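# A look at the structure
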Amino acid sequence: MADRIAGKLTTQLTPEHLKVIDESHQHHGHAGWREGGETHFRVEIVSLAFAGKSRLERHRLVNAALSEELASGVHALAIAARAPGER
């Protein structure tokens, strides 16, 4: 699933930096967790596509790119989305 997430974000948002972290192990026994993991992810992404956009608009872009994954097993997605040069 992490590779699938990275592939879609790379194709659709052309990031300068992308890190997809599976944090499922941290949510063992919590809502949405299932055996085998791949349910809770953190995405750190830097893309020119986010320039001039609000935090909400950036999250919407990421969520739209990953709509299939969010509908088919990804329970939680933490997003840190920045434009180049932002901290």
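Remember, it's a predicted structure, so these values are computed and weren't measured experimentally.

Quick notes on the rules
- Residues numbered from 1 in each chain as written.
- Predicted model: local features only at pLDDT ≥ 70, side-chain atom pairs only at ≥ 80, totals over all residues.
- Heavy atoms only, no water.
- Pairing = 2+ DSSP bridges.
- Helix = DSSP H or I, 4+ residues; strand = E, 2+ residues; numbered from the N terminus.
- Axes fitted to C-alpha atoms, helices over the stretch in contact; angles between N-to-C directions.
- Contact = heavy atoms within 4.5 Å.
- Salt bridge = Lys/Arg side-chain N within 4 Å of Asp/Glu carboxyl O.
- Buried < 20%, exposed > 50% of the residue type's maximum accessible area, 1.4 Å probe, protein only.
- pLDDT = per-residue confidence, 0-100.
- Expected span 1.5 Å × (residues − 1).

## Considering the sheet that holds strand E1 (residues 17–22)
The mixed open sheet is built from three strands, whose spatial order is E1-E2-E3. If you trace the sheet from one side to the other, it starts and ends with E1 and strand E3 (76–82), each paired once. Neighbour-to-neighbour, the strand axes of this sheet turn through a mean angle of 10°, independent of strand direction. When E1 meets strand E2 (residues 40–46), the two strands line up antiparallel, connected through six bridges. In the sheet register, Leu18 faces E2, and the bridge partner there is Ile45. Sitting on the sheet, helix H2 (residues 55–65) touches E2 and E3, and the angle it makes with E3 is about 125°.

## Observations regarding the pattern of salt bridges
Oppositely charged side chains can form a pair if their charged atoms are brought close together. On inspection of all chains with the given rule, the structure shows five salt bridges. Two residues, Glu69 and Arg4, come together in a salt bridge whose shortest N-O distance is 2.7 Å. Residue Glu69 is found in helix H3 (residues 67–71), and its partner Arg4 is found in helix H1 (residues 2–13); the two are separated by 65 residues along the sequence. On the accessibility criterion, Glu69 (1% relative accessible area) is buried. Each of the salt bridges in this network shares a partner with another, and the network as a whole consists of Arg4, Lys8, Glu68 and Glu69.

## Description of the confidence of the model for the chain
Parts of the prediction with low pLDDT should not have their coordinates interpreted in detail. The share of residues in the chain with pLDDT of 70 or more is 85%, and the mean pLDDT across the chain is 90. Mean pLDDT in the chain bottoms out at H3, which sits at 95, and peaks at H2, which reaches 98.

## A look at H1
Between its first and last C-alpha, H1 extends 16 Å over 12 residues, near the 16 Å set by a 1.5 Å rise per residue. Packing partners of the buried residues in H1 comprise E1, E2, H2 and H3. Backbone geometry just after H1 places Thr14 at a positive phi near 40°.

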